[in-house]
Amino acid sequence: MRSRLRRALERLDWLDEHGTALGELTQPDIEMWLEEGAVERRGVRAFVTSARGRGLVGELVVPRARIAAPTVFMTDEEQAEQLHRCLGDDSLPLDVRTAGALTLLFGLQHTKLLELTVRDVTDDNAMVALNLAGHRLPLLPEVARLVRAQRDQCQARWQLDQTASTTPWLFPGQEPARPLGATYLNLKLRRHGIAPRAGRNNARLALATDLPASVLADFTGTSISNAIRWTGYARRD
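Residues numbered from 1 in each chain as written. Predicted model: local features only at pLDDT ≥ 70, side-chain atom pairs only at ≥ 80, totals over all residues. Heavy atoms only, no water.

Chemist: Which residues make up the packing of helix H4 (residues 76-88) against helix H5 (residues 94-106), and what values go with them?
Modeler: Put simply, H4 and H5 touch, their axes get as near as 8 Å, and they point 145° apart. In this structure, H4 crosses over H5, and the sense of that crossing is left-handed. The segment H4 lies against H5, with Gln79, Gln82, Leu83, Arg85, Cys86, Leu87 and Gly88 engaging Val96, Arg97, Gly100, Ala101, Leu104 and Leu105. Its residues assigned to classes, the contact of H4 with H5 shows seven nonpolar, four polar and two charged. (Axes fitted to C-alpha atoms, helices over the stretch in contact; angles between N-to-C directions. Helix = DSSP H or I, 4+ residues; strand = E, 2+ residues; numbered from the N terminus. Left-handed = near helix turned anticlockwise from the far one by under 90°. Contact = heavy atoms within 4.5 Å. Nonpolar A, V, L, I, M, F, W, Y, C, P; charged D, E, K, R; others polar.)

Chemist: Describe the pattern of salt bridges, and please don't skip the residues or the numbers.
Modeler: Close approach of charged atoms lets side chains of opposite charge pair. On inspection of all chains with the given rule, the structure shows six salt bridges. Measuring nitrogen to oxygen at the nearest pair gives 3.0 Å for the salt bridge that ties Asp90 to Arg97. Residue classification places Arg97 among the buried residues on the basis of a relative accessible area of 6%. Notably, a salt bridge pairs Asp123 with Arg151, separated by 3.5 Å at the nearest N-O pair. Of this pair, Asp123 sits in strand E1 (residues 121-123) while Arg151 sits in helix H7 (residues 141-160), and the two are 28 residues apart along the sequence. Residue Arg151 is classed as buried on the basis of its relative accessible area, which comes to 14%. One connected set of salt bridges, linked through shared partners, spans Asp123, Arg148, Arg151 and Asp152. (Salt bridge = Lys/Arg side-chain N within 4 Å of Asp/Glu carboxyl O. Buried < 20%, exposed > 50% of the residue type's maximum accessible area, 1.4 Å probe, protein only.)

Chemist: An account of the pairing of strand E2 (residues 128-132) is needed here, citing residue identities and associated values.
Modeler: Of all five residues in E2, four are buried; the element is thus mostly enclosed. Relative to E2, E1 is paired through three bridges, and the arrangement is antiparallel. The residue bridging Asp123 from the neighbouring strand is Val128, located in E2. Two successive antiparallel strands, E1 and E2, enclose a turn made up of four residues, where Asn125 displays a positive phi of approximately 75°. (Pairing = 2+ DSSP bridges.)

Chemist: Could you give me a rundown of the packing of aromatic side chains, with the residues and numbers involved?
Modeler: One pass over the structure, following the stated rule, counts one aromatic pair. An angle of 80° between the planes, with centres 5.3 Å apart, marks the rings of Trp230 and Tyr233 as edge-to-face. Separated by three residues within a single helix, Trp230 and Tyr233 lie in helix H11 (residues 224-236), roughly one turn from each other. Across the pair, Tyr233 and Trp230 agree in class, each one buried. (Phe/Tyr/Trp six-rings, centres within 6.5 Å; stacked < 30°, edge-to-face > 60°.)

Chemist: Mind laying out the packing of H5 against helix H9 (residues 196-210), listing which residues take part and the relevant values?
Modeler: Two quantities define a packed helix pair, namely the angle between the helix axes and the distance between the axes. Between H5 and H9, the least distance of the axes is 6 Å, while the angle of their chain directions is 40°. As summarised for this structure, H5 and H9 are arranged oblique, according to the angle between their axes. Across the interface between the two elements, Thr103, Leu104, Leu105 and Phe106 from H5 touch Pro196, Gly199, Arg200, Ala203 and Leu207 from H9. Residues belonging to the contact of H5 with H9 are distributed by class as follows: six nonpolar, two polar and one charged. (Parallel < 35°, antiparallel > 145°, perpendicular 65-115°, else oblique.)

Structure (structure tokens):
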């Protein structure tokens, strides 16, 4: 959102410098401005679309930025070694082990993980599963053990301080009312030798090799467009 606001301000600054009113902006002006700058300028698309919807500009079009193929991966041996540490190394913090295992196995985005509450963990004694965007993700016994322990720890903490938070987060932050920050979780994983970005890419590529895009989207709680891109990467690999 900050990036989109910066692009809008840059666009308005350019209009001021050229003595042009917003309503006088033309398609050639837009295209020239995009070509002269970095690819981030395509983030102005949200501003132009909003202005067009309000009748402030004409029928201007800003092409969507092309999404680059992922380039950060790890070897299968590195992924297996990091996963074994998450599953079996009791010296690691519980939230690092749980988030690391879910990232390395299922390629889950941390923004999705951090939206989870203890109520999103279903446990019928026969199987533990996560509720991801309305879809049920069954967990292997070793991962289920970690998720159950993380749930129990956070539920106990929440019950002690319910006045500070109405939501029992599965990955709570230092402030009970908020979940852990995605940036902080990334840093915490890396500090303990878990490579979240490479591990997530490895897991998604492996899943996309075996699953149709629609199943991959449901399975990981991601968008269908994202899942289609990953199945495309897998076919080219």
